[in-house]
Amino acid sequence: MKTSWDLTHLFKDVSLALEAEEELNKKIDTFLNEYEICLKNIDDFIEVLKLNLEINELLERVYCYYKRHIDINSKDSNMKENFNRALELLDQVDKCNQNYYAILYENEILVRQFMEDEKLKFYSLYFERIFDKKEYVIDSNKQEDISNINKLTNNIPSLYRHIIEDDIKYEMLMDEDGKEKKCSHTFTSKNREIRKQSYLKSRKSMKQFNYTLGFLFNLHAKAIISKAKIEGYNNPLEKVLINDELPLDFVEKVHNNVLNFVDVNHKYVKLMKEELGYSDFYVYDFSCPTLEYKKEYSLDEALQILKKIFNIFGKEYTKFIDQVFDEGWCDLYPKNGKRTDSVSMVVYSGVPYLLVNYKDDFNSLRCLCHELGHTIHSALAKQNQNFVYFEYNLFVAEISSLVNEELLYSYLIENSEDDGERLYFLKRRLFYHRNSLFGQMNYSLFEKEVYDEIIKGKNLDATEINNIYLKYEKTLFGDDLILTEDDSYDWQNVTQFFVNEPFYMWKYTVDRSIAMHVHKLLKEDKKFVFEYMNFLRSGNSMKTTDLLKILRINLDEMNFITNAYTELEKEINQLKEKVKKTN
């Protein structure tokens, strides 16, 4: 069993990656010299199309090879140099794509005539998607502007990680077992004073970099806003929604819908406060364990559980679990210099690598289950689609991983050894449901307002960013939670705000709602499993709204989101009754 990445699925060694770079540079030069001949006749058109796709696929392979090495060893200076060249290649390929799209737009009538040829029928959706973005074409001068912005801001993600993982010096504190631990987070402890001190010490450390991270957030947001406007979008959220093939008012509808259900989250806070018997309730009190549960899950035990719960999908799905660990798709255990988060790579080249930091506990089991959802989704899409229609968009991405989580919670609740264990898993499921439906939405509302203010021309300082964050904390958590200035720094720990494209957090809320909907159908309708598997196989071969129809989701209606909040309220009421009986 392999528990480290085998990166030879991409290249056997670095010398071959360097050769691929040379090949990619040659293909780019050839493309830039010849792409205009695509208009001569159908055969030349197809040749240029294939060359463009080859360039994009080879770029993905080179980029991923270097990036995966850095993911598991951030100290590797040679790979960092290689990766910086890959970023430059990314800019060049983006220019190739823009030039190619521009000539297609200018000659749309002729291109549509070519599309009627039987040889190009397969690519019809591919070209429709290109023409859908016709108004966002940019010329070479604007491409250069974007390239210059990228050069100035490409290092923001690594700078952020360096600050969070290396620069912030956290104080030490004795936990209730007498062990000295770093206060990088709030300790899970029954001792309220230990929780409080660990929380205050962690916030004290975070506060030291509040100004720096506020500046970095501002810079990152301004760069993204500038690039979106150069490309012709009104704002970055519009760009995200168009790329995800969603209605432009969709996020606004989601935000408004969620704000109609804030009383559900207030009810949860009140329940926690009552269960602990406190007259006042602070953020660090969420970290009080109300049940003892220290069960460990070795990798073998975890895989046994996962194979059982995934059995509903059949061998077509479960075979990939063995492949993951037989062929080195997963980098499993923590190590120095390795990324500290969990992630799965949606890539056509090589294999869909996943990275976790497995520690034999429940959260490790959940993370592995979640990331396998992404990985197997990618594997099925690659197995059934080619490069053109493989990569499903970021909105669709979280559905498969969250469906897996729903299956895991149900299995653990139904197979609990006693009432105490069952209550623990009921609470964990409620915790993750509430975090997706309210915690992630808190981040989404906060991010939206920060970007809106910057778009208006405001230069937000760290204090203003803190205040916006605290405002939504108060709205979503209600009066039973006492909030202080120390709670206003939590946005600093949200990697998404600094590392990835913006406006991702709302997708966890919507996709959790879809996952709860899918899980319900999987339990109630045996035929639905075939529809779900078809969804996974489809990759990006349909528009988003058509993909969701396979899952019986109609985005014109918000029923699936309303149902998720209704189900969350039921879970809170169910837990309230169980807590009453326990007490």
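See the structure shown above.
Residues numbered from 1 in each chain as written. Predicted model: local features only at pLDDT ≥ 70, side-chain atom pairs only at ≥ 80, totals over all residues. Heavy atoms only, no water.

J.: Would you mind going over the overall build of the protein with me for this structure?
T.: A tally of regular secondary structure across the protein gives 24 helices and five strands. In terms of overall size, the protein behaves like a compact globule, its C-alpha atoms giving a radius of gyration of 25 Å where 583 residues would be expected to give roughly 25 Å. Principal-axis analysis of the C-alpha atoms gives the protein an extent of 80 × 55 × 45 Å. Sorting the 583 residues of the protein into buried and exposed places 56% on the buried side. Taking the contacts inside the protein whose residues are at least 6 apart along the sequence as the reference set, 76% of them involve residues at least 24 apart. As displayed, the protein has an accessible area near 26,000 Å², and 47% of this comes from carbon and sulfur atoms. (Helix = DSSP H or I, 4+ residues; strand = E, 2+ residues; numbered from the N terminus. Rg over C-alpha atoms; globule rule 2.2 N^0.38 Å. Buried < 20%, exposed > 50% of the residue type's maximum accessible area, 1.4 Å probe, protein only. Contact = heavy atoms within 4.5 Å. Areas by Shrake-Rupley, 256 points an atom, 1.4 Å probe, with all protein chains shown as cover.)

J.: I'm lost on the pattern of salt bridges in this one. Help?
T.: Where charged atoms from two side chains of opposite charge come close, those side chains can pair. Applying the stated criterion to the full structure yields 48 salt bridges. Here Arg203 and Asp490 are joined by a salt bridge, their closest N and O atoms 2.3 Å apart. Of this pair, Arg203 sits in helix H8 (residues 192-207) while Asp490 is found in the loop between helix H19 (462-477) and helix H20 (496-499), placing the two residues 287 residues apart along the sequence. Each member of the pair, Arg203 as well as Asp490, is classed as buried. Among the ionic contacts, a cluster of salt bridges with common partners joins Lys67, Arg68, Asp71, Arg161, Arg339 and Asp341. (Salt bridge = Lys/Arg side-chain N within 4 Å of Asp/Glu carboxyl O.)

J.: I tried to follow unusual backbone geometry on my own but got confused; where do I start?
T.: A negative phi angle is the norm for most residues apart from glycine, just as the trans form is the norm for most peptide bonds. A positive phi angle is found at Glu245, which is not glycine, with a value near 60 degrees. Relative to the elements of secondary structure, Glu245 occurs in the loop between helix H10 (236-243) and helix H11 (250-259). Look at Arg552: it is not a glycine, yet its phi comes out positive at around 65 degrees. With respect to the element layout, Arg552 can be found in the loop between helix H23 (544-550) and helix H24 (559-582).

J.: Is there a simple way to think about the sheet that holds strand E3 (residues 330-331) in this case?
T.: Sheets are built from strands that pair by backbone hydrogen bonding, the pairs being arranged parallel or antiparallel. The strand order across the open sheet formed by three strands is E3-E5-E4, and the pairing between neighbours is mixed. Of all the strands in the sheet, the pair left with one neighbour each is E3 and strand E4 (343-344). Pairing of E3 with strand E5 (residues 354-355) involves two bridges; the strand directions are parallel. Its bridge partner lying in E5, Asp331 is registered against Leu355. (Pairing = 2+ DSSP bridges.)

J.: What is the right way to read the side chain of Glu238 from this model?
T.: Mapping Glu238 onto the fold places it in helix H10. Summary of buried charges: Glu238 has no salt-bridge partner, and the nearest side chain of opposite charge, Lys229, is 11 Å away. A distance of 2.9 Å separates a polar side-chain atom of Glu238 from the backbone nitrogen of Asn234. (Lys, Arg positive; Asp, Glu negative; His and termini not counted. Polar contact = N/O pair within 3.5 Å; in protein donor to acceptor, adjacent residues only side chain to side chain.)

J.: Explain the environment of Ser279 here, please?
T.: Among the secondary structure elements, Ser279 is positioned in the loop between helix H12 (262-276) and helix H13 (299-310). Separated by 201 residues in sequence, Ser279 and Asp480 have C-alpha atoms that sit 9.3 Å apart.

J.: For this particular structure, what's the right way to read the layout of surface pockets?
T.: Empty space among the atoms can be located by rolling a probe the size of a water molecule over them. The calculated volume of the second largest pocket comes to roughly 600 Å³. Taken together, 26 residues line the second largest pocket, and the ones lying closest to its centre are Met516, His517, Lys520, Asn563 and Glu567. Elements represented by at least two residues in the lining of the second largest pocket include exactly helix H17 (394-414), helix H18 (419-455), helix H21 (505-524) and H24. (1 Å grid on protein atoms, 1.4 Å probe; cavity = no way out; pocket = protein on both sides within 12 Å on 5 of 7 lines; lining within 4 Å. Points joined across faces, edges and corners; volume = space filled by probe spheres on them.)

J.: Honestly, a negative patch on the surface in this entry has me stumped. Any pointers?
T.: Taken together, Glu296, Asp300, Glu301 and Asp361 make up a surface patch of like negative charges. By secondary structure assignment, the location of Glu301 is in helix H13. (Patch = residues over 30% accessible without salt bridge, like charges linked within 9 Å, V, L, I, M, F, W, Y side chains within 5 Å. Charge placed at Lys NZ, Arg CZ, Asp CG, Glu CD.)

J.: Can you walk me through a nonpolar patch on the surface in this structure?
T.: On the surface, a cluster of nonpolar side chains totalling about 360 Å² of accessible area is made up of Tyr211, Phe215 and Leu219. Among the secondary structure elements, Tyr211 is positioned in helix H9 (residues 210-230).

J.: Help me understand the packing of helix H7 (residues 156-167) against H9 in this model?
T.: In helix packing, the relevant descriptors are the interaxial angle and the interaxial distance, both defined with respect to the helix axes. Look at H7 against H9: their axes get within 11 Å of each other, and the N-to-C directions meet at 165 degrees. As the angle between them shows, H7 and H9 are arranged roughly antiparallel. The two elements H7 and H9 meet at a crossing, and its hand is left-handed. Seen from H7, the contacting residues are Ile156, Leu159, Tyr160, Ile163 and Ile164; seen from H9, they are Thr212, Leu213, Leu216, Leu219 and His220. (Axes fitted to C-alpha atoms, helices over the stretch in contact; angles between N-to-C directions. Parallel < 35°, antiparallel > 145°, perpendicular 65-115°, else oblique. Left-handed = near helix turned anticlockwise from the far one by under 90°.)

J.: Would you mind going over H19 with me for this structure?
T.: Each α-helix turn comprises 3.6 residues. Residues three or four places apart therefore point the same way. The end-to-end C-alpha distance of H19, which contains 16 residues, comes to 22 Å, matching closely the 22 Å that a straight helix rising 1.5 Å per residue would cover. All of the buried residues in H19 are Ala462, Ile465, Asn466, Ile468, Tyr469, Leu470, Tyr472, Glu473, Leu476 and Phe477. In the core, the buried residues of H19 are packed alongside H9, H11, H12 and H18. Its side-chain oxygen at 3.1 Å from the backbone nitrogen of Thr463, Asp461 defines the N-terminal cap of H19. (Expected span 1.5 Å × (residues − 1).)

J.: Quick question: what am I supposed to make of the nonpolar core here?
T.: What tends to happen in soluble globular proteins is that the nonpolar side chains get buried as a cluster. Formed by 198 residues in total, the largest nonpolar core has its most connected members in Phe127, Leu368 and Trp506. The dominant element in this core, judged by the number of residues it contributes, is helix H2 (residues 42-72), at 16 residues. The residues touching Trp506, leaving out its near neighbours within four places in the chain, are Leu237, Val240, Leu241, Asp244, Leu246, Phe250, Val251, Phe395, Met441 and Ser444. Residues Ile138, Ile146, Ile149 and Ala223 belong to the second largest nonpolar core, which totals five residues. (Core = buried A, V, L, I, M, F, W, Y, C linked by side-chain atoms within 4.5 Å.)

J.: Whenever I open this one, the environment of Gln323 confuses me. Can you help?
T.: Mapping Gln323 onto the fold places it in helix H14 (residues 315-326). On the accessibility criterion, Gln323 (23% relative accessible area) is partly exposed. Remark: the alpha-carbon pair of Gln323 and Leu32, spanning 291 residues in sequence, is separated by 40 Å. Aside from chain neighbours lying at most four places away, what touches Gln323 is Gly328 and Trp329.

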